[in-house]
Amino acid sequence: MSFEASATFTGSRPGAAFKMGPEGLGYYADPHQPAEPAAKASEDRDRRPRDRDRDRDRDRDRDRDRRGHDSGGHGGGYSHDSRGGQDRERGRDRDRDRRDRSRRSGDDGRDSSYSHSRDNNDRRRRSRSRSRSRDRSQRDHRDSRGRPEATESPPPAATTEADAPEFSFTAAQVAERYVEVFSAESKRRGESLLECLDLGAITVIAVEGGDLRAEGEAELGLHCKTVPVWKAEAAKRLYIEGNKASDPTYCVDFYLKGQSPGWSLEGLASETPERSDIWVLYTVKANKIACVHVGDDTKRVGRKVGATEEDVYASEVFLKVLDIAVRPGGLTGTEITKHYHDYSKIEVWG
């Protein structure tokens, strides 16, 4: 370098001196100045063209400012417009210098606090990403109010027929239902009566002689649909059950003359009520009446006022009932439980 014009001193240059010479003010080659270090020369060669262009533009602007200042001084001063332009140029220089330093430091012109904040945000995003990738079944799901969310439950295991719970009715309950439906006027009366019967096994048997009086859906179905309505009710009731759940249960109803729900000593009373006092034994299996035994209450147990539980158990009727209950297909357990109720002792208020 022999000469480089410069209005102001911009720093030492290797192998050059800043002075006023024949070419004007600037940097002149000076053999007495130390030469440029090899590392610095290599750095300048490696500088990007954009950086070199920027430095050259900056030096040119400074030379222009310097020449404007000198001409203004010889001419008696400079205008406010030229001074404002110089301030703007200096501001642009400062901005360029700041951007250059920021670019070299790698923070894109932002301060250190912004960099720390950005790093923290990046860490939080990575943490949330890892959290979402976790198995959702191992997380505590909660809604916006902090309440546990309802999660889908696995389907219940299939139950076998033996494991399935069965809601069963006793013979006393089924007999009461049959009497209640029989005494009520209803469009579905016939169907409701048939629902109480096991039509595939139902039989009506006379106790005296053991004669079969009626059986099956053909006879009982027609009877339930055509029998007229009259008031039926039991005077006394005896309920018998064993201690084995699979056994049938038994209910003995004592009916006074004209109060039987369609049963008679002949089997079925299809037109008018039975004109004698009778007792009826209901055998109930799987919530339905499977067999009906009809007997003549010759001792008038059902009509006896003030009959106690011991009187009923000592009667001939109870012995016949036990004989039927312990036959094959009946009670097979080791214990028998009895329940007695006398409906004639119900107090009437009013």
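How each quantity is defined
Residues numbered from 1 in each chain as written. Predicted model: local features only at pLDDT ≥ 70, side-chain atom pairs only at ≥ 80, totals over all residues. Heavy atoms only, no water. Core = buried A, V, L, I, M, F, W, Y, C linked by side-chain atoms within 4.5 Å. Buried < 20%, exposed > 50% of the residue type's maximum accessible area, 1.4 Å probe, protein only. Helix = DSSP H or I, 4+ residues; strand = E, 2+ residues; numbered from the N terminus. Contact = heavy atoms within 4.5 Å. pLDDT = per-residue confidence, 0-100. Expected span 1.5 Å × (residues − 1). Salt bridge = Lys/Arg side-chain N within 4 Å of Asp/Glu carboxyl O. Phe/Tyr/Trp six-rings, centres within 6.5 Å; stacked < 30°, edge-to-face > 60°. Lys NZ or Arg CZ within 6 Å of the ring centre and 35° of its normal. Arc of directions from axis to C-beta. Pairing = 2+ DSSP bridges.

### Observations regarding the nonpolar core
Y178, L197, W263, V280, Y282, I289 and V292 are the most contacted members of the largest nonpolar core, which totals 33 residues. Broken down by element, the residue count for this core peaks at 8 residues, all from helix 5 (residues 171-182). Not counting residues within four places of it along the chain, the set of residues in contact with L197 comprises Y178, I202, L220, C224, K288 and I289. Within the second largest apolar cluster, 18 residues are counted, among which are L238, V301, Y313 and F318.

### Comments concerning the confidence of the model for the chain
Looking at the chain, pLDDT values average 77 and 67% of them are 70 or higher. Here residues 73-81 is a poorly scored stretch, pLDDT under 50, and it has 4 contacts once near neighbours within four places are set aside; other chains count. Considering only residues more than four positions removed or in separate chains, one finds that residues 107-114, a stretch of pLDDT under 50, has 6 contacts.

### A few points about helix 5
If you check helix 5, its first and last C-alpha atoms are 16 Å apart, about what 12 residues at 1.5 Å a residue would give, namely 16 Å. Those residues of helix 5 lying buried are A171, A172, V174, A175, Y178, V179, V181 and F182.

### Quick word on the pattern of salt bridges
Enumeration according to the criterion identifies 13 salt bridges in this entry. Among the ionic pairs, E176 bridges to R237, the shortest N-O distance being 3.0 Å. Of this pair, E176 sits in helix 5 while R237 sits in strand 6 (residues 236-242), and the two are 61 residues apart along the sequence. Taking relative accessible area as the criterion, E176 reaches 35% and is therefore assigned partly exposed. Of the charged contacts in the structure, one is a salt bridge between E180 and R177, with a shortest N-O distance of 3.4 Å.

### Thoughts on the packing of aromatic side chains
Scanning all chains against the criterion turns up 8 aromatic pairs. Relative to F318, the ring of Y313 lies with its centre 5.1 Å away and its plane at 50°, an arrangement referred to as tilted. Taken as a pair, Y313 and F318 share a single burial class, namely buried. By the ring-pair criterion, three or more aromatic residues cluster together here, those being F9, F18 and Y27. In this structure, R189 is placed above the aromatic ring of F182, and the distance from its NZ or CZ to the ring centre is 4.7 Å.

### Quick look at helix 9 (residues 316-325)
An α-helical turn contains 3.6 residues, so any two residues separated by three or four positions project in the same direction. Residues of helix 9 that are buried include every one of V317, F318, V321, I324 and A325, and no others. The buried residues of helix 9 all sit within an arc of 120° when viewed along its axis, so they share a single face. Buried residues belonging to helix 9 abut strand 6, strand 7 (249-255), strand 10 (278-285), strand 11 (288-296), helix 8 (309-313) and strand 12 (336-342).

### Remarks on the pairing of strand 11
The buried count for strand 11 comes to 7 of 9 residues, which makes it a mostly enclosed element. Inspection of the sheet shows strand 4 (residues 203-206) paired to strand 11 by 4 bridges, in the parallel sense. Note that in strand 11 the partner of T203 across the bridge is C291. With 8 bridges connecting them, strand 10 and strand 11 associate as antiparallel partners. When the bridges of strand 11 are listed, T283 appears paired with C291.

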